Amino acid sequence: MRTEITPGVNLTVTPTKQFKTTRIAIALIAPLDSRALTKRILLANVLEAASAHFPTQKAVAEKLSEMYGAGFGVTVERRGDAHIMNCVFDSVNERYLPDAGNLVSAAFTFLKQSLFEPLISDGAFDRESFERQKKNLGSYIRSVRDDKQLYAALSLQKNYFTDEAQSTPSFGTYEQLREITPTELYEYYLKCLANDQIEVVVAGNVDEQECLALASTLPVKPRRLYQGPLFYNQERQQAVYEGNEHQAVVQGKLDLAYKFPVYYRKEGYYAALIFNGIFGGLPLSKLFMNVRERASLAYYATSSYDSFRGFISVQTGIQFQNKEAVQTIITKQLADIKNGEISQREFQDTKKALQNSFLSRLDSPSNNLDQTLVDILTRKHVSAYEWQAKLNAVRFEDVIEVARKTELQTIYFLDGEVN
Amino acid sequence: MEIVQYEQFGEKMYKEKLINGLEVNILPKEGYHKTYGILTTDYGSLDNKFVPLHKTKMEQVPDGVAHFLEHKLFEKKDHDAFDLFGHYGADANAFTSFTNTSYLFSTVNYPQKNLEILLDFVQDPYFNAKSVEKEKGIIGQEIKMYEDDVEWRFYFGILKNLYPNHPLSVDIAGTVDSIEQITVQNLYDCYQTFYHPSNMNLFVTGAIDPEETLKLIRANQAKKQFASDAEIKRAELPNDETGKDIIPYRMLELDTQRPKAAVGIKGLDEVPEGRNGLIYKMQVEMLLWLLFSDTSVNYTRLYNEGIIDDSFDFTFQLERSFHYASITSDTDNPERFCHDIIDILENAEQLLKGQYQQFNLAKKEMIGRQIHAMNSLEGIANQYSGHLFTGATIFDKVAIVQKMKFEEVLLVCRSFLRSEAVSVYQILPKEGS
């Protein structure tokens with residue numbers, strides 16, 4: 001149930017006996033801003049590393065061990081046009097521990113200290129801790145180039161998205177990072193605390209009244225709920241953009257991006273899930289069967305659907321000289337779907353696979369929490385029963401129709417041959 | 001059937017060893033939607049020299065056969081087991097490690113049918129030359145993908161230092177050249193030698209009725225004929241207890257962004273048998289935690305001095321026939337990193353003195369982590385130890401931590417941390433990259 005603590009700040013408690021842990025999240029939701037991308041992730045790292053009560057990483061780590069190996073992390077996520085900073089704490093339910101005390105109350109205290117009482121001096125984040133996190137984030141940003149699969153996916157997005165807030169990686173850029181000062185970050189942080197929508201979510205074998213009492217002690221003032229649009233929609237580009245890059249690699253990466261304006265739980269969404277599953281989203285997909293199993297051209301060939309940004313991307317790892325052959329096979333699979341060349345078995349098995357993955361997610365505390373947040377953002381909860389009914393109601397023709405909305409926009413190829 | 005009660009966690013496990021030797025473990029989980037089943041054979045990439053069933057002489061098979069076999073077992077004469085799982089709404093997968101090969105499914109649909117598919121496809125091999133040839137292309141790409149993976153190169157780099165001339169130094173999937181040599185006969189030889197039910201275990205957990213499930217498994221197995229179980233004769237692996245074969249230092253230059261450094265420690269001491277092996281393993285993990293976790297003085301110092309960052313990690317691996325630890329980080333100063341880590345290892349005993357309080361803190365941490373892992377069906381089933389620690393489960397681990405004594409950690413510190421067992425590996429960015 002969702003309860004307002006103060007305008008713009010809400011608490012949702014989901015009592016369940018399924019898990020042996022309690023998970024608490026405090027999410028700060030703001031409109032995506034290309035200039036704040038790097039700031040927000042750096043802020044997350046700074047808040048995670050220290051607070052006024054626990055001024056060193058050692059002190060934080062010891063406190064978490066003391067609470068029986070509790071986990072604490074601050075992450076940043078871009079969902080369509082929303083930018084979410086999520087502070088998550090999870091700990092074992094004390095009924096499985098002898099003399100552990102009340103861990104829910106301890107968890108709230110810890111979260112409050114981490115988020116609302118940071119390590120500050122002279123109106124800025126503690127310089128030493130700040131500089132360390134800044135340096136570490138910089139190292140991380142640079143090291144992404146070493147993960148070729150990720151690097152290719154990011155290069156594709158960079159070429160595909162016209163909006164800077166979308167084309168920039170969600171962890172920010174080195175150029176932005178360089179400019180951030182401890183004072184500036186602190187000012188940004190104060191703005192977030194004052195203006196961002198805040199959602200507190202608790203799941204576990206907990207008492208709702210107790211959670212409400214604890215959440216009510218958070219030092220928050222009224223603010224507005226997130227006003228911005230949630231879904232990103234990009235103008236169709238006339239020409240297909242092709243980007244090529246050379247690096248010292250053994251395997252080439254061929255990635256493709258398609259505009260696909262079908263959005264999360266909006267019209268055509270359930271058909272879109274099936275379409276993506278048949279195309280390359282599932283292990284039995286056309287891409288897997290044809291690029292890998294029939295032609296032996298790749299170990300992986302997959303597609304993924306971003307229903308908040310209205311696009312589908314294809315990722316493959318292949319031999320350089322097979323680029324044309326692989327691209328032809330990918331193009332043919334999509335054309336086949338558009339022409340209705342899908343077997344009944346493919347259609348039905350894909351439905352079953354999607355249902356399996358949807359219901360399986362209910363067995364994971366972190367997935368449940370993510371879903372709760374998405375429901376809040378989209379202002380709509382869909383029960384497991386309703387979800388399955390909607391999926392099963394999708395007709396064969398609906399899939400073909402939705403597939404026809406895909407439009408190839410960008411091709412990215414990373415190869416190892418230097419011309 | 002035996003029922004093991006884990007009262008502290010409100011869990012009950014049903015165990016039975018079938019007549020054909022297959023070990024079955026069933027753990028029902030209330031409130032879960034999914035069922036997870038995993039069938040494991042005590043056979044992995046290290047087992048590349050053995051006496052094939054019904055033969056008398058040792059034979060060497062090409063590197064990568066265990067993993068190749070894992071891929072090919074899904075393919076049947078008239079269907080693919082992977083498709084069949086998909087048809088019954090299950091996700092299926094498989095993985096090969098140095099000492100095990102596992103096949104698994106996860107599903108909310110028809111759990112019993114999928115369990116039968118799992119047993120049937122693993123227990124009914126069908127290999128043919130044409131499909132073996134075709135698989136070489138796919139696995140070749142898998143190997144190449146790993147060649148571009150700096151983390152993977154790094155992982156094997158330190159292993160090759162600690163275990164030169166040992167199958168551990170070869171990629172689990174083999175090499176592009178070695179898989180080229182794999183034949184249908186190799187696959188059958190390995191299968192017949194290592195896939196006997198008496199060398200395997202099945203773990204099923206989730207939304208299932210334990211008694212019905214067991215009945216189904218018994219009936220499924222009773223229908224099948226197996227050779228009588230023969231003792232498996234594996235070649236002895238090269239094992240130099242003096243540590244003289246260890247390569248003390250190697251460095252590789254790659255087109256990467258940041259230097260990486262690893263300090264490895266090869267286990268030259270003897271691991272106790274059975275359940276005591278797990279106790280030993282957890283003691284070493286405790287030792288490393290006290291020396292290197294983010295609550296330690298050492299970590300804090302290195303982190304604050306900028307020698308390590310959040311990529312810092314330490315692990316301990318113990319499987320059939322080998323054990324080693326590695327301490328790794330991305331670092332701008334690989335020399336300092338290696339020097340300081342080795343310094344900590346050499347003075348470990350001294351550093352541990354007066355750490356009794358930290359030890360108790362670590363116990364809480366470890367107990368909590370185990371209970372966290374019990375939320376996940378995969379966590380529960382994949383942690384089942386099989387033969388290695390005589391059937392220990394995740395639930396047994398909490399009790400081991402609770403009983404652990406500080407003095408025991410000091411003892412493993414002396415037996416495991418030896419200066420002749422240490423090696424260093426680094427990956428450095430190429431000039432100009």
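Residues numbered from 1 in each chain as written. Chains lettered and ligands numbered in written order. Predicted model: local features only at pLDDT ≥ 70, side-chain atom pairs only at ≥ 80, totals over all residues. Heavy atoms only, no water.

## Comments concerning the sheet that holds strand β13 (residues 407–415) of chain A
Residue and element names in this part refer to chain A. Heads up, the condition is: In this analysis, strands are considered paired if DSSP registers two or more bridges between them. Only DSSP runs of H or I with at least four residues qualify as helices, and only runs of E with at least two residues qualify as strands; both kinds are numbered from the N terminus onward. Every axis in this analysis is a line fitted to C-alpha atoms, fitted for helices over the stretch in contact. Angles between the N-to-C directions lie between 0 and 180 degrees. Here, residues are in contact when the closest pair of their heavy atoms is within 4.5 Å.
What the five strands build is an open sheet, ordered β9-β13-β10-β12-β11; its pairing is mixed. Single-partner strands in this sheet number two, and they are β9 (241–246) and β11 (301–306). Between one strand axis and the next, the sheet turns by 15° as a mean value, whatever way the strands run. Bridge analysis of β11 against strand β12 (residues 311–318) gives six bridges, and the strand direction is antiparallel. Counted as the bridge partner of alanine 301 is threonine 316 from β12. Sitting on the sheet, helix α11 (residues 286–294) is in contact with β11 and β12, with an inclination near 155° to β11. Against the sheet, helix α12 (residues 323–338) engages β9, β10 (252–259), β12 and β13, with an angle of about 30° to β10.

## Considerations on the packing of helix α9 (residues 275–292) of chain B against helix α15 (residues 394–403) of chain B
The packing of two helices is summarised by the inter-axis angle and the distance between the axes. All names here are of chain B. Put simply, the rule reads: Reported orientations rely on four angle classes, namely roughly parallel under 35 degrees, roughly antiparallel over 145, roughly perpendicular from 65 to 115, and oblique for the rest. By the definition used in this description, the sense in which the near helix is turned from the far one sets the handedness, with an anticlockwise turn below a right angle giving left-handed and a clockwise turn giving right-handed. Under the convention adopted here, Pro, Cys and the residues Ala, Val, Leu, Ile, Met, Phe, Trp and Tyr are nonpolar, Asp, Glu, Lys and Arg are charged, and Gly plus all remaining residues are polar.
Between α9 and α15, the shortest axis-to-axis distance is 10 Å and the interhelical angle comes to 60°. The angle between the axes of α9 and α15 places the two elements in the oblique class. Between α9 and α15 the crossing geometry is right-handed. Of the residues in α15, those touching α9 at Arg275, Leu278, Ile279 and Met282 are Asp396, Lys397, Ile400 and Val401. Partitioning the contact of α9 with α15 into residue classes produces five nonpolar, no polar and three charged.

## Description of the interface of chain B and chain A
Defined as follows: Summed over both partners, the accessible surface that disappears when two parts come together, traced with a 1.4 Å probe, is what is meant by buried area. Any carboxyl oxygen of Asp or Glu that lies within 4 Å of a side-chain nitrogen of Lys or Arg is treated as forming a salt bridge with it. We call two N or O atoms a polar contact when they sit within 3.5 Å, provided that within protein one can donate a hydrogen and the other can accept it, with sequence-adjacent residues counted only if both atoms are side-chain atoms.
The interface is formed by 62 residues belonging to chain B together with 61 residues belonging to chain A. Roughly 5400 Å² of surface becomes buried between chain B and chain A when both sides are summed, with 51% attributable to carbon and sulfur atoms. At the junction of chain B with chain A, the criterion picks out four salt bridges. Here lysine 20 of chain A and glutamate 11 of chain B are joined by a salt bridge, their closest N and O atoms 2.4 Å apart. Our count for the contact surface shared by chain B and chain A stands at 29 residue pairs in polar contact (both at pLDDT 80 or more). Listing elements by their share of the side of chain B that touches chain A, those giving two or more residues are α2 (81–87), β7 (90–96), β8 (101–107), α4 (129–147), α10 (297–304) and α13 (356–373) of chain B. It is α4 of chain B that provides the largest number of residues to the side of chain B that touches chain A, a total of nine residues. For the side of chain B that touches chain A, the class distribution of residues is 18 nonpolar, 23 polar and 21 charged.

## Details of the domain arrangement of chain A
All names here are of chain A. How we decide: Either an automatic procedure or a domain database provided the assignment from which the domain bounds are taken.
Splitting chain A by domain gives domain 1 (2–215) and domain 2 (241–415). A separation of 30 Å is found between the C-alpha centroids of domain 1 and domain 2. Across the boundary between the two partners, domain 1 contributes 30 residues, which contact 35 residues of domain 2. Across the domain 1 to domain 2 interface the summed buried area is about 2800 Å²; carbon plus sulfur atoms make up 68%. When residues of domain 1 are sorted by the area they lose upon contact with domain 2, Arg79, Leu156 and Tyr160 head the list and together hold 24% of the total. Linking domain 1 to domain 2 there are zero salt bridges.

## Considerations on the UniProt feature "domain: Peptidase M16 N-terminal" (unreviewed entry) in chain B
Defined as follows: UniProt positions are given in the numbering used here, feature names are shortened, and annotations may be inferred rather than shown by experiment.
When the UniProt feature table is mapped to this numbering, "domain: Peptidase M16 N-terminal" (unreviewed entry) covers residues 63–174 of chain B. Its end C-alpha atoms 5 Å apart, residues 63–174 of chain B is made of 53% helix and 12% strand.

## Quick notes on the domain arrangement of chain B
Residue and element names in this part refer to chain B. Under the domain assignment used here, chain B contains domain 1 (2–222) and domain 2 (249–429). Placing the centre of domain 1 and that of domain 2 at their C-alpha centroids yields a distance of 28 Å. Linking domain 1 to domain 2 there are four salt bridges. The salt bridge partner of lysine 34 is glutamate 378, with a shortest N-O separation of 2.9 Å. Where domain 1 touches domain 2, the interface holds 18 residue pairs in polar contact (both at pLDDT 80 or more). For the side of domain 1 that touches domain 2, the secondary-structure elements that each account for two or more residues are β2 (11–17), β3 (23–28), β4 (35–41), α5 (150–162) and β9 (200–206).

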